[in-house]
Amino acid sequence: MKKNNTLIADVYFLLTVMTFSIVAVYMGISHNFLMINIFYLGISLLLIIISYFVGLIPGLLGNLIFIFVQGSYMLYENIFKGEYVNFLMMFWLFMPLILSLMVYGMTDYQRKIQVENQHMKMRLSQDIVFDDLTNLRTMNAYQQDAEIFIGTHKRFSIPLSTGVITLRYDDQLLSMMSEKSRVKLIQVISKIMVTSLRENDIIYNVSGQGNKPRWAILLFSKRDGTNIAVERIKKNVEEHLTEYPELNKYDIQLKVGVAEYDESITSVRAFIATALQEQEYDV
């Protein structure tokens, strides 16, 4: 569908260029009527603007009104004054309508292509499960996995907890760092976190609003067991960051929060939100 819309938009673009070229050639040939041509060109542009901003129907209505007025004047000149209809009048009788249709068709299909691109980006963003920056599983993957974990918990009564890790004072810290340093920080912390987990455990990049760094883990464990895991991650990150001089100059600390799933939690987002609330107790 997108390919067809692109082809049609290209055809309309070529027709629009050809139509304006015809107008330019005609105005060059009939240079003796320059002011009249400019007048009619102004009317054509006005009708094009109406078609573009207001819609096709108001644009067509404006063109029909123009054709009626222009045609009536031509009939008056021919019948009551006995004058032949000038080709100049004939040319500008339908040219505004043609220009309006060409420009509207071109822009309409371009808008359709933009909408399709937006929908495609939304579908891609919903399907992305690995983050390009850290190569960690994303929030989309976390939601999918959490639903499976929750289903398993309900079926077999296996304890389930989630841990969330963020940067302490992230607003102030990130504002002091360059973009390059921020990227380096996220990559380094992510790498250390991966090495701090057991082989079967998974760390997720669940960056929050404004792309603030945020990581999460899902474990079949009671809250105490997950607390041990996230505290181990926190300790390892803070120790290993000293190996990076470009990052060590900043006071980088982590905040952790852990929540154990129970029946009061109604969704995956509520699950992770509960863990985020628990961070307030990590002082």
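Residues numbered from 1 in each chain as written. Predicted model: local features only at pLDDT ≥ 70, side-chain atom pairs only at ≥ 80, totals over all residues. Heavy atoms only, no water.

Draft legend 1. The arrangement of the overall build of the protein in detail. For the protein, the count of helices and strands is 10 helices and 4 strands. For the protein, the succession of helices and strands along the chain, N to C, is α-α-α-α-α-β-α-α-β-β-α-α-β-α. Overall, the C-alpha framework of the protein stretches about 100 × 50 × 30 Å when taken along its three principal axes. In the protein, buried positions account for 42% of the 283 residues. Considering only contacts within the protein whose residues lie at least 6 apart along the sequence, 70% involve residues at least 24 apart. Counting only carbon and sulfur atoms, one obtains 61% of the accessible surface of the protein, whose full area is about 17,100 Å². (Helix = DSSP H or I, 4+ residues; strand = E, 2+ residues; numbered from the N terminus. Buried < 20%, exposed > 50% of the residue type's maximum accessible area, 1.4 Å probe, protein only. Contact = heavy atoms within 4.5 Å. Areas by Shrake-Rupley, 256 points an atom, 1.4 Å probe, with all protein chains shown as cover.)

Draft legend 2. Up close: a negative patch on the surface. Negative charge collects at one region of the surface, where Glu231, Glu238, Glu239 and Asp251 lie side by side. Mapped onto the elements, Glu231 comes out in helix α8 (residues 223–240). (Patch = residues over 30% accessible without salt bridge, like charges linked within 9 Å, V, L, I, M, F, W, Y side chains within 5 Å. Salt bridge = Lys/Arg side-chain N within 4 Å of Asp/Glu carboxyl O. Lys, Arg positive; Asp, Glu negative; His and termini not counted. Charge placed at Lys NZ, Arg CZ, Asp CG, Glu CD.)

Draft legend 3. The packing of aromatic side chains, seen in detail. Inspection of every chain in the model, using the stated rule, returns 10 aromatic pairs. Ring centres of Tyr261 and Phe271 lie 5.4 Å apart, and the angle between their planes is 85°; on these two criteria the pair is classed as edge-to-face. Taken together, the positions of Tyr261 in the loop between β4 (254–260) and α10 (268–278) and Phe271 in helix α10 put the pair 10 residues apart, joining distant regions of the chain. Pair check on accessibility: Tyr261 and Phe271 agree, each one buried. Each residue in the set Tyr26, Phe39, Tyr40, Phe66, Phe91 and Trp92 is aromatic and connected to the rest through ring pairs, giving one cluster. Taking NZ or CZ as reference, Lys112 lies 4.4 Å from the ring centre of Tyr109, over its face. (Phe/Tyr/Trp six-rings, centres within 6.5 Å; stacked < 30°, edge-to-face > 60°. Lys NZ or Arg CZ within 6 Å of the ring centre and 35° of its normal.)

Draft legend 4. The side chain of Arg137, seen in detail. By the secondary structure assignment, Arg137 is in the loop between α4 (87–127) and α5 (139–156). Classification of Arg137 by relative accessible area gives buried; the value is 19%.

Draft legend 5. Here's a closer look at helix α2 (residues 34–53). Taking 1.5 Å per residue, 20 residues should reach 28 Å; α2 reaches 28 Å between its end C-alpha atoms and fits that length. Turning to α2, its buried residues are Asn37, Tyr40, Ile43, Ser44, Leu47, Ile48 and Ser51. Across the axial projection of α2, the buried residues extend over an arc of 140°, all falling on one side. Opposite the packed face of α2, turned more than 90 degrees from it, sit the exposed residues Met35, Phe39, Leu46 and Phe53. Phi turns positive, to about 140°, at Gly55, one or two residues after α2. (Expected span 1.5 Å × (residues − 1). Arc of directions from axis to C-beta.)

Draft legend 6. Structural detail: the environment of Ser161. With respect to the secondary-structure elements, Ser161 resides in strand β1 (residues 161–167). Judged by relative accessible area, which is 0%, Ser161 ranks as buried. Separated by 61 residues in the primary sequence, Ser161 and Ser100 place their C-alpha atoms 62 Å from one another. Here Ser221 takes part through its backbone oxygen, which lies 2.7 Å from a polar atom of the side chain of Ser161. A polar side-chain atom of Ser161 sits 3.4 Å from the main-chain amide nitrogen of Arg223. (Polar contact = N/O pair within 3.5 Å; in protein donor to acceptor, adjacent residues only side chain to side chain.)

Draft legend 7. Expanded view of the nonpolar core. Residues Leu185, Ile189 and Met193 are the most contacted members of the largest nonpolar core, which totals 28 residues. Only β1, α6 (170–176), α7 (179–196), β3 (214–219), α8 and β4 provide two or more residues apiece to this core. Among the elements that take part in this core, α7 stands out by supplying 6 residues, more than any other. Discounting chain neighbours no more than four positions away, the residues touching Met193 are Ile165, Ile203, Trp215, Ile233, Val237 and Leu254. Core analysis: the next-biggest nonpolar cluster, separate from the first, contains 19 residues, Phe149, Leu160, Val164 and Ala259 among them. (Core = buried A, V, L, I, M, F, W, Y, C linked by side-chain atoms within 4.5 Å.)

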